[in-house]
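Here is what each chain is made of, one letter per residue.
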Amino acid sequence: MSEEVPGYREIGDAEYALLGPDGSEWREVTGWLEPGEVRQLVDEGAVLVLDLCESWVWGAELDDEVLAHVVTAVRSHKLARGKYSGNVIYAPSLWRDRAERKLVLLAEENAKRKKVIRELRGDYEVVRGL
């Protein structure tokens, strides 16, 4: 099996799939997670991936250094305000593949405002046993 470069592939009008290094294809469930949700999903076995703009870390560890860059929606909104707008966070999202495996993607991005986070999160609700 050949290793592919992870990345995004357009699959529809403003809809993207995430391609893994093994050729797996993941679809987004929600575009925003809170830090506690990230921790819970990873603890339950979700694959953790870092999109660091210039590189990918597939199967990353959720250590304190990584978790420090995952902020709450409230903190992100504060960081996104004018004088702090250059702050970089790991924007967390949840993805699933056809086998229903879960993947938490932490993408290096600028902090987001509340309105943007609400749009990214959509109608996603925390459900036990995700």
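Above: the structure in question.
**A few points about the overall build of the protein**
Consideration 1: Summing up its helical and strand segments, the protein has four helices and seven strands in all.
Consideration 2: What you see in the protein, going N to C, is helices and strands ordered as β-β-β-α-β-β-α-α-β-β-α.
Consideration 3: By the burial criterion, 40% of the 130 residues in the protein qualify as buried.
Consideration 4: In the protein, 58% of the contacts between residues at least 6 apart in sequence involve partners at least 24 apart.

**Let's talk about the packing of aromatic side chains**
Here the distance between the centres and the angle between the planes together describe a pair of aromatic rings.
Consideration 1: By the definition in use, this model includes two aromatic pairs.
Consideration 2: Here Tyr 8 and Trp 56 contribute two aromatic rings whose centre-to-centre distance is 5.5 Å and whose plane-to-plane angle is 55°, an arrangement assigned as tilted. Taken together, the residues span a long stretch of sequence, with Tyr 8 in strand E1 (residues 7–12) and Trp 56 in strand E5 (residues 56–58) at a distance of 48 residues.
Consideration 3: Ring geometry for Tyr 8 versus Trp 95: centroids 6.4 Å apart, planes at 45°, classification tilted. A residue pair is termed long-range when its members are at least 10 positions apart, and Tyr 8 in strand E1 and Trp 95 in strand E6 (residues 88–97) qualify at 87 residues.

**Looking at helix H3 (residues 73–80)**
Residues spaced three or four apart along an α-helix face the same direction, because each turn holds 3.6 residues.
Consideration 1: When we look at burial in H3, the residues that qualify are Ala 73, Ser 76, Leu 79 and Ala 80. Buried residues along H3 cover an arc of 125° about the axis, so they all sit on one side.
Consideration 2: Close packing links the buried residues of H3 with E6 and helix H4 (114–121).

**Overview of the sheet that holds E5**
To summarise the sheet geometry, strands pair through backbone hydrogen bonds and adopt either a parallel or an antiparallel arrangement.
Consideration 1: An order of E1-E2-E3-E6-E7-E4-E5 is seen for the seven strands of this open sheet, with the pairing classed as mixed. A single partner strand is all that each edge strand has here, and the edge strands are E1 and E5. Averaged over all adjacent pairs, the angle separating strand axes in this sheet is 35°, with direction ignored.
Consideration 2: Against the sheet, helix H1 (residues 35–43) contacts strand E4 (47–51), E6 and strand E7 (102–110), and its axis sits at roughly 145° relative to E7.

**Structural notes on the pairing of E6**
Consideration 1: Of all the ten residues making up E6, eight are buried; the element is thus mostly covered by neighbouring parts of the structure.
Consideration 2: When strand E3 (residues 25–30) meets E6, the two strands line up antiparallel, connected through four bridges. Note that in E6 the partner of Glu 28 across the bridge is Trp 95.
Consideration 3: As paired strands, E6 and E7 are joined by nine bridges and run antiparallel to one another. Across the sheet, the residue bridging to Tyr 90 is Glu 108, located in E7.

Rules used in this analysis
- Residues numbered from 1 in each chain as written.
- Predicted model: local features only at pLDDT ≥ 70, side-chain atom pairs only at ≥ 80, totals over all residues.
- Heavy atoms only, no water.
- Helix = DSSP H or I, 4+ residues; strand = E, 2+ residues; numbered from the N terminus.
- Buried < 20%, exposed > 50% of the residue type's maximum accessible area, 1.4 Å probe, protein only.
- Contact = heavy atoms within 4.5 Å.
- Phe/Tyr/Trp six-rings, centres within 6.5 Å; stacked < 30°, edge-to-face > 60°.
- Arc of directions from axis to C-beta.
- Pairing = 2+ DSSP bridges.
- Axes fitted to C-alpha atoms, helices over the stretch in contact; angles between N-to-C directions.

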